[in-house]
Amino acid sequence: MLKVVKFGGSSLASAGQFKKVADIIKSDPNRRYVVASAPGKRNSHDEKVTDLLLQCFRIRKERRDITPTFEKIKSRYQEIIRDLDLDFSLDADFDSIKTAIEHHASSDYVASRGEYLNAKLLAVYLDLPFIDAEDCVFFNERGVLDMEKTCRRISSLLSIHEYAVFPGFYGVSPDGSIKTFSRGGSDITGSIVAAAVGADLYENWTDVSGMLMADPRIVENPRPIEEITYRELRELSYMGASVMHEEAIFPVRKALIPINIRNTNDPAAPGTMIVNKAKSNSVDTVITGIAGKKGITALHVEKEMMNSEVGFGRKVLSVLENYNVPFEHLPSGIDTMSVLVTNKSIEEFKGAITADMVKAVNPDSITLVENLALIAVVGRGMVNTEGVAARTFTALAEANVNIRMIDQGSSELNIIIAVEEKNLNRAIEAIYNEFAQ
Ligand code: ASP
């Protein structure tokens, strides 16, 4: 059994957190490769080291002195070193990083130093080798990860190291410059390392005990999700439920490696397992999770005998394509077709798009309904269970929520419902109570 473990910023924000991380790693010898984030917030008023580094970058650009902000960064690490009683200093690194920032280092280089320093420090504390991501995570000329080259290098490096610590979040471009993933990208590094070494499990340690069935800001004390498939996760994260960086799914998913979301502050909790194929198809709640997002506009196009007009759908969609507007959903009736898009994508072109559609398909009517919200009711258990739709709609009716659109995914993995934005929370609560209580 081989595990790759990634610890997020809050898991490595202080000496106290470092101790918890060390306990977790030492309690299981299978936890062999560790990926570290930069120190995150210690409390809600705190600043993340990555944000402080990016502040330094901006201050330098304004030709001001970075020293006060850089001192804050230094003291974060120095405090951890002191509180862990380590005989170790990062002073040489601090000096060279500060000089680099003052001499116009790129923002990617600057942002990446939080992970670099933290992984180095964690490696010393755990007494394990430090492997710099600069030496093994490769991007190509187009700035895209070169997975093949990266995997080859990581697996050859790790053939000589039974245990190692890596900094997350960055790698190197062909010209030798540092390049980062987007924010939160240490999750991606963890996933890449797990795929490269063919891990049995990718543990992603954070500050929540896994995913919850619904947003805790909407539903009080929602149930945790024990097991979720990659496909279900994709449906929920599309609707805004987020537990890790979206791009982090792909490397492990391709390699069929499960992800276990765990809580550093509650290591006994089993967390959420994200798997390719669930152990059983029947979730006791039938529904795995519910998520929703606001900011949707529906464009209803109506035309009698539309069903027999070849190319109707293509013409409607090509108008959107001309304005670079992607569609989110496409429910259709016999003489109607609705295109759901985000408010943001269509905002500037509403008038022009409607006019072009009139020209393109000569419809009987076009209506634009703005400020809708989409809700996804997701569950692999739905396929074999009767009455899920009926229960969902009854719950919504009882909560006085008017349904503006329904779309059941072809996989029967989800039911998508559009409601008015103002009804979103009430709708989620009603569906949750119907299935989870
Ligand atoms: N430290 C980086 C960030 O704050 C990357 C990460 O934590 O995953 O975005």
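See the structure above.
Residues numbered from 1 in each chain as written. Predicted model: local features only at pLDDT ≥ 70, side-chain atom pairs only at ≥ 80, totals over all residues. Heavy atoms only, no water.

Trainee: Sorry if this is basic, but what is going on with the sheet that holds strand β3 (residues 164–167) here?
Mentor: Sheet strands pair by backbone hydrogen bonding; their relative direction is either parallel or antiparallel. Ordered by their spatial adjacency, seven strands build an open sheet running β3-β2-β1-β6-β8-β9-β7, and the pairing between neighbours is mixed. Edge positions in the sheet fall to β3 and β7 (227–229), since each of these pairs with one other strand and no more. Neighbouring strand axes in the sheet, compared pairwise and without regard to direction, differ in orientation by 20° on average. Pairing between strand β8 (residues 259–263) and strand β9 (residues 272–275): three bridges, direction antiparallel. Across the sheet, the residue bridging to Ile259 is Ile274, located in β9. Where helix α8 (residues 230–238) meets the sheet, its contacts fall on β7, β8 and β9, and the angle it forms with β7 comes to roughly 85°. (Pairing = 2+ DSSP bridges. Helix = DSSP H or I, 4+ residues; strand = E, 2+ residues; numbered from the N terminus. Axes fitted to C-alpha atoms, helices over the stretch in contact; angles between N-to-C directions. Contact = heavy atoms within 4.5 Å.)

Trainee: Please clarify how the environment of Phe250 should be interpreted in this entry.
Mentor: Of note, Phe250 is situated in helix α9 (residues 249–254). Taking the C-alpha atoms as reference points, Phe250 and Ser191, 59 residues apart in sequence, are found 7.9 Å from one another.

Trainee: Just checking my understanding: could you explain helix α14 (residues 424–436) for this structure?
Mentor: For α14, built from 13 residues, the straight-helix expectation of 18 Å at 1.5 Å per residue is met to within 8% by its first-to-last C-alpha distance of 18 Å. Of all the positions in α14, only Leu424, Ala427, Ile428, Ala430, Ile431, Tyr432, Phe435 and Ala436 are classed as buried. Its buried side turned inward, α14 meets β10 (289–302), β12 (365–378), α13 (388–398) and β14 (414–420). (Expected span 1.5 Å × (residues − 1). Buried < 20%, exposed > 50% of the residue type's maximum accessible area, 1.4 Å probe, protein only.)

Trainee: I tried to follow the packing of helix α3 (residues 67–83) against helix α4 (residues 91–102) on my own but got confused; where do I start?
Mentor: When two helices pack together, their arrangement is captured by the angle between the axes and the distance separating the axes. It is the contact of α3 with α4, at a shortest axis distance of 11 Å, that shows an interaxial angle of 155°. It follows that α3 is roughly antiparallel to α4 by the angle criterion. Taken as a pair, α3 and α4 cross one another with a handedness that is right-handed. Contacts between α3 and α4 involve Thr67, Phe70, Lys74, Tyr77 and Gln78 on the former and, on the latter, Asp91, Phe94, Ile97, Lys98 and Ile101. Of the residues that constitute the contact of α3 with α4, the class distribution is five nonpolar, two polar and three charged. (Parallel < 35°, antiparallel > 145°, perpendicular 65-115°, else oblique. Left-handed = near helix turned anticlockwise from the far one by under 90°. Nonpolar A, V, L, I, M, F, W, Y, C, P; charged D, E, K, R; others polar.)

Trainee: Would you explain the site of the ligand in this entry?
Mentor: In the vicinity of the ligand, the contacting residues are Ser37, Lys48, Thr50, Glu115, Phe169, Arg183, Gly184, Gly185 and Ser186. One nitrogen or oxygen atom from the side chain of Thr50 is found 2.8 Å from a nitrogen atom belonging to the ligand. At 3.4 Å, a backbone N or O of Gly185 approaches an oxygen atom of the ligand. When the free accessible area of the ligand is taken as 260 Å², the share hidden by the protein chains comes to 92%. Residue composition of the shell around the ligand, grouped by class: one nonpolar, five polar and three charged. (Near = heavy atom within 4 Å. Polar contact = N/O pair within 3.5 Å; in protein donor to acceptor, adjacent residues only side chain to side chain. Areas by Shrake-Rupley, 256 points an atom, 1.4 Å probe, with all protein chains shown as cover.)

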